[in-house]
Amino acid sequence: MAPATIAGASRNRTAKGRRGGWDRDSVINAIQEWVATYGEPPRAADWNPSSAKWSGQRWRVERYREGREDGSAWPALNSAKRPFGGSLNAAIRAAGFEPAKPGPTRRADVDPEQADRAMISPEGRAMLNAALAQAREAEKRVAVLEARLARRAEAVTTKTKVVHERVIDDAAVARAQRAAAAAEAKADVAIADARERAASAKAEASESRRGIRKLSARLERGEATIAALRAERRELKAVHAAVADRLETTERALAESRAEALAAEGEAKAARASMAKAIAATRSCTSSSERDAGMEAVVIAQAEASAARRAAREAEVRAATLARDLAAVRGEARALTAAELAELRSGGPSGPAVLAASLKGLARARDRSRTGHDTSRTALAAALLDVAAAAVSWRERI
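Residues numbered from 1 in each chain as written. Predicted model: local features only at pLDDT ≥ 70, side-chain atom pairs only at ≥ 80, totals over all residues. Heavy atoms only, no water.

Participant: Go over a positive patch on the surface with me, naming the residues and quoting the values.
Facilitator: A cluster of like positive charges, contributed by Lys269, Arg272, Arg309, Arg310 and Arg313, occupies part of the molecular surface. Elements represented by at least two residues in the positive patch include exactly helix H8 (170-284) and helix H9 (288-330). Ranked by residue count, the leading element in the positive patch is H9, at three residues. Looking at where Arg313 falls in the secondary structure, it is placed in helix H9. When its relative accessible area of 49% is taken as the criterion, Arg313 is described as partly exposed. (Patch = residues over 30% accessible without salt bridge, like charges linked within 9 Å, V, L, I, M, F, W, Y side chains within 5 Å. Areas by Shrake-Rupley, 256 points an atom, 1.4 Å probe, with all protein chains shown as cover. Salt bridge = Lys/Arg side-chain N within 4 Å of Asp/Glu carboxyl O. Lys, Arg positive; Asp, Glu negative; His and termini not counted. Charge placed at Lys NZ, Arg CZ, Asp CG, Glu CD. Helix = DSSP H or I, 4+ residues; strand = E, 2+ residues; numbered from the N terminus. Buried < 20%, exposed > 50% of the residue type's maximum accessible area, 1.4 Å probe, protein only.)

Participant: Please provide a residue-by-residue account of helix H4 (residues 58-66), values included.
Facilitator: Listed in full, the buried residues belonging to H4 are Arg60, Val61, Arg63 and Tyr64. The buried residues of H4 all sit within an arc of 165° when viewed along its axis, so they share a single face. Seen from the open side of H4, the exposed residues pointing more than 90 degrees away from its buried face are Arg58 and Glu66. Directly after H4, the chain includes Gly67, whose backbone phi takes a positive value near 75°. (Arc of directions from axis to C-beta.)

Participant: Please give an account of the pattern of salt bridges that cites residues and values.
Facilitator: Evaluated as defined, the whole model comprises seven salt bridges. A salt bridge links Asp46 to Arg60, with the nearest nitrogen and oxygen atoms 2.6 Å apart. You can see Asp46 sitting in the loop between helix H2 (24-38) and helix H3 (49-54) and its partner Arg60 sitting in helix H4, a full 14 residues away along the chain. A salt bridge links Arg370 to Asp367; the nearest nitrogen and oxygen atoms lie 3.0 Å apart. Remark: Asp367 and Arg370 occur in helix H11 (residues 352-371); sequence separation between them is three residues, near one turn of the helix.

Participant: With reference to specific residues and values, describe empty space enclosed by the protein.
Facilitator: Under the definition given, this model contains one cavity of 30 Å³ or more. Looking at the largest cavity, its volume works out to about 30 Å³. Along the walls of the largest cavity sit Trp54, Ser55, Gln134, Ala138, Arg141, Glu204 and Ser208, which together make up its complete lining. At the level of elements, helix H7 (122-166) and H8 are the ones that each hand at least two residues to the lining of the largest cavity. If one sorts the elements of the lining of the largest cavity by residue count, H7 sits on top with three residues. Tallied by class, the residues present in the lining of the largest cavity amount to two nonpolar, three polar and two charged. (1 Å grid on protein atoms, 1.4 Å probe; cavity = no way out; pocket = protein on both sides within 12 Å on 5 of 7 lines; lining within 4 Å. Points joined across faces, edges and corners; volume = space filled by probe spheres on them. Nonpolar A, V, L, I, M, F, W, Y, C, P; charged D, E, K, R; others polar.)

Participant: Explain the environment of Ala390 to me, using residue names and the numbers behind them.
Facilitator: Within the secondary structure layout, Ala390 lies in helix H12 (residues 378-397). Taking the C-alpha atoms as reference points, Ala390 and Pro352, 38 residues apart in sequence, are found 8.4 Å from one another. Setting aside anything within four residues of it in sequence, one finds Ala390 in contact with Val354, Leu355 and Ser358. (Contact = heavy atoms within 4.5 Å.)

Participant: Now, about the side chain of Gln57: what can you tell me, with residues and values included?
Facilitator: In this fold, Gln57 is placed in the loop between H3 and H4. Apart from the residues lying within four places of it in its own chain, the contact partners of Gln57 are Ala45, Ala52 and Glu207.

Participant: Account for the environment of Ala389, naming residues and giving values.
Facilitator: Looking at the secondary structure, you find Ala389 in helix H12. Using a relative accessible area of 19% as the deciding quantity, one classes Ala389 as buried. In sequence terms Ala389 and Val354 are 35 residues apart; their C-alpha atoms lie 9.6 Å from each other.

Limitation: the analysis is restricted to geometry and does not speak to function.
Here's what the structure looks like:
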């Protein structure tokens, strides 16, 4: 529903409540319904939206504007006090409840007097000072109301005394007594209203202090969170630097291993060429001594070729290992080496059933990785290897 529609509905309910009027029974019913709905008797700010809005208790305003269950409005503060001599507390007692004590229960988790010693940012300090100023202003208003109440009571007493001293006949005395009684009644109403206003001001001051304590606690928690995030950022930077160093070292070692493999392969080719020359020279020899020398040269060339091939294979293995480590550091996929392909092709079951089972495992691993259950992605890599093994073995068997 739009805000304008809500406001219109609230005004209609309020107007309906004013047209019906508020007597003692209707006010008592309203108080009993309020307690049944919200679990406590109404305060002055609950039925005075202007006071609640001024004190920053907007939730009281929203609760008042929601109205009663039958769609009618709650009584205004003055309408509720009028049938009970101008006292909301008297109306609450007539409804069978005890009025709430002025002000909330004092908490001791954060002390406003210690606010200057806390580690608070400039923006938070400004908000805290504003809240303290508001609380001091509320206390000043309480003092002014109490002083005005005392002066009004003193003035009524003095006026009554002067009237008794000036009247000389019984009729004048009766009139003076009636006037004094009326003045005392008005004074009582004014005193009750002033006391209620003073209690409301004290409650507002207590609410302001509680807001200050909550604000101080929130600021402390926020600064602690900021410090933790900064420490985590420093740790992540250190991890990133370590990974970068490892990546650079692995790339350098991979380049060296590949160079060694190329050199070993060249040496193997040279050894095979030398062995071929030695064999050709041996075949062309006529004497036994020359053939023996040629055979010795062939044996030496074969040994050198075998050593060169062995060195080339070792260099290839080291290069493949470094390539695997480099792919793991970068988080990239890599091609299988010849040795890994040979291992996949050798032994074990194969066929469409094995390939289908490996594909199902791959689907499960992908789901776990997508939903965040496998953040390291190790299960996904293992499932990919299973699919590759099943596919290669089946192809080789076919």
